[in-house]
Amino acid sequence: MQYFSPMKPHSQNNPLPILDGIKPSYLVLPYDKQFTGKTILFFLCQHFPFVSEAAWQARLNSGMVVNQQGEPINETTPFVSGCVIYYYREISREDEPRIPFDEHILWQDEHLIVVDKPHFLPVIPSGRFLRETLLTRLRLRPDLQHLNVADITPIHRLDKDTAGVMLLSHNPSSRHAYQTMFQDKTVRKTYHAIAPTRTDLVYPLTVRSRLERGDSFFLTKQVDGEPNSETEIVLLEQRGEHSLYELKPITGKKHQLRVHMMSLGMPLFNDALYPIALPAGSEDYAKPLQLLAKTIEFCDPITGEQRKFESKQNL
């Protein structure tokens, strides 16, 4: 049987390389008496019940699951609380077909990569998305192989359903300076959206409300209480029953724009979450959410230059 000693995961670099654009995951073995005297195989089967024991046996015996020293572990390795294991998530290509839309790079310098993200493409691996994410695609792009692609990291959030401008860092030494812009709310973001026409409202219109996590973890709801979110709304172009709006989020709460528009009786066109959440995996590529991160503006914290990046997409 193979033994190894505890070590904190941040005490050394990840011992596994990026594989097909995917960074390895790591897991700290918990301090739990129920696993004392058991194997790592037993723990993994309990911790990830949706993965079969046979599948874990095959993965553990493949040499692709390692400890913090980079040494392969196997199905007989004892469970030791506090130890760290590194492994690759596995999703079959049949279960993750290609999302049929491409990202486009708008700008690249020694600090940033600015991307025009398509609808439906998640930014980072999560849940049922592993290869078909913006981050994995960027790490595999031939035109970015001169970079240390392991350092490519998103600086802010953008929902998978939303298209438009996205900033990513590839330089760890300057990353914090760009992240601080978003924390300090010095970045000006403008979105375009298609929603039901309301000409009875006076524009520009400001919506302020309190947003909290919804009854389902992936949703946001509006509740009574002191406002913690704010959005400015302008009617740009009337198009019959639906119109083009400009949305400027002053704050950055999850699904803020979608919830604020719904609260006005103007849910965004083709929204698969609001007002009714459709089942996961029911995406219709012919009906993208009509929400686009159109522009991002900021004063570059490194150069002091005023920067503005604009999506080439339109709704």
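Calculation notes
Residues numbered from 1 in each chain as written. Predicted model: local features only at pLDDT ≥ 70, side-chain atom pairs only at ≥ 80, totals over all residues. Heavy atoms only, no water. Domains from an automatic or database assignment. Core = buried A, V, L, I, M, F, W, Y, C linked by side-chain atoms within 4.5 Å. Buried < 20%, exposed > 50% of the residue type's maximum accessible area, 1.4 Å probe, protein only. Contact = heavy atoms within 4.5 Å. Patch = residues over 30% accessible without salt bridge, like charges linked within 9 Å, V, L, I, M, F, W, Y side chains within 5 Å. Areas by Shrake-Rupley, 256 points an atom, 1.4 Å probe, with all protein chains shown as cover. Salt bridge = Lys/Arg side-chain N within 4 Å of Asp/Glu carboxyl O. Lys, Arg positive; Asp, Glu negative; His and termini not counted. Charge placed at Lys NZ, Arg CZ, Asp CG, Glu CD. Helix = DSSP H or I, 4+ residues; strand = E, 2+ residues; numbered from the N terminus. Polar contact = N/O pair within 3.5 Å; in protein donor to acceptor, adjacent residues only side chain to side chain. Disulfide = S-S within 2.5 Å. Axes fitted to C-alpha atoms, helices over the stretch in contact; angles between N-to-C directions. Parallel < 35°, antiparallel > 145°, perpendicular 65-115°, else oblique. Left-handed = near helix turned anticlockwise from the far one by under 90°. Nonpolar A, V, L, I, M, F, W, Y, C, P; charged D, E, K, R; others polar. Phe/Tyr/Trp six-rings, centres within 6.5 Å; stacked < 30°, edge-to-face > 60°. Pairing = 2+ DSSP bridges.

Another point: the domain arrangement of the protein chain. Domain parsing of the protein chain yields domain 1 (25–87) and domain 2 (104–310). Averaged C-alpha coordinates put domain 1 and domain 2 at centres separated by 37 Å.

One finds Ile-152, Leu-168, Ile-233, Tyr-245, Leu-247, Met-261 and Leu-291 to be the most contacted residues of the largest nonpolar core, which totals 35 residues. With sequence-adjacent residues up to four places away left out, Leu-168 is seen in contact with His-111, Leu-112, Ile-113, Val-115, Leu-134, Leu-135, Leu-138, Ile-152, Thr-153, Pro-154 and Ile-155. Residues Leu-27, Trp-56, Val-65 and Ile-85 belong to the second largest nonpolar core, which totals 18 residues.

Let's shift gears to a positive patch on the surface. A grouping of Arg-157, Lys-185, Arg-213, Lys-253 and Lys-254 is seen on the molecular surface, where their side chains present a positively charged patch. Within the fold, Lys-254 resides in the loop between β12 (242–249) and α5 (256–263).

Moving on, we come to the side chain of Glu-230. Relative to the assigned elements, Glu-230 resides in strand β11 (residues 229–239). Among the polar contacts made by the side chain of Glu-230, one reaches the side chain of Arg-208 at a distance of 3.3 Å. Once residues lying within four places of it in the same chain are set aside, the contact partners of Glu-230 are Thr-206, Val-207, Arg-208, Lys-248, Pro-249, Ile-250, Thr-251, Gln-256 and His-260.

Looking now at the state of the cysteines. Applying the stated rule across the entire model yields zero disulfides. Sulfur of Cys-83: no disulfide; nearest cysteine sulfur belongs to Cys-45 and is 18 Å away. Looking at Cys-83, the relative accessible area reads 0%, which means it is buried.

Here we take up the packing of helix α1 (residues 40–47) against helix α2 (residues 53–60). One way to put it is that α1 packs onto α2 with a least axis distance of 10 Å and a crossing angle of 135 degrees. Taken together, α1 and α2 sit at an angle that is classed as oblique. Considering the relative orientation of α1 and α2, their crossing is right-handed. Contacts between α1 and α2 involve Ile-40, Leu-41, Leu-44 and Cys-45 from the former and Glu-53, Trp-56, Gln-57 and Leu-60 from the latter. Here the contact of α1 with α2 is built from residues that sort into six nonpolar, one polar and one charged.

This paragraph deals with the packing of aromatic side chains. Enumeration according to the criterion identifies 16 aromatic pairs in this entry. Taking the centre distance of 5.0 Å and the plane angle of 90 degrees together, the rings of Phe-35 and Phe-43 count as edge-to-face. You can call Phe-43 buried: its relative accessible area is 2%. When the ring of Phe-101 is compared with that of Phe-120, the centres are 5.8 Å apart and the planes differ by 15 degrees; the resulting orientation is stacked.

It is worth spelling out unusual backbone geometry at this point. The linkage connecting Tyr-203 with the following residue, Pro-204, adopts the cis geometry, with an omega of 0 degrees. Within the secondary structure, Pro-204 sits in the loop between β8 (188–196) and β9 (205–213). Residue Tyr-274 is joined to Pro-275 through a cis peptide bond whose omega torsion reads 0 degrees. Within the secondary structure layout, Pro-275 lies in the loop between α5 and β13 (291–299). For Phe-120, which is not glycine, the phi dihedral falls at a positive 75 degrees. What makes Phe-120 buried here is its relative accessible area of 7%.

Our next topic: the pairing of strand β3 (residues 84–87). Because side chains alternate across β3, one face comprises the buried residues Val-84 and Tyr-86, and the other comprises Ile-85 and Tyr-87, equally buried. Relative to β3, strand β1 (residues 25–28) is paired through four bridges, and the arrangement is antiparallel. Looking at β3, one finds that Ser-25 is bridged to Tyr-87. Bridge count between strand β2 (residues 66–67) and β3: two bridges; the pairing is antiparallel. Among the inter-strand pairings, Val-66 is bridged to a residue of β3, identified as Tyr-86.

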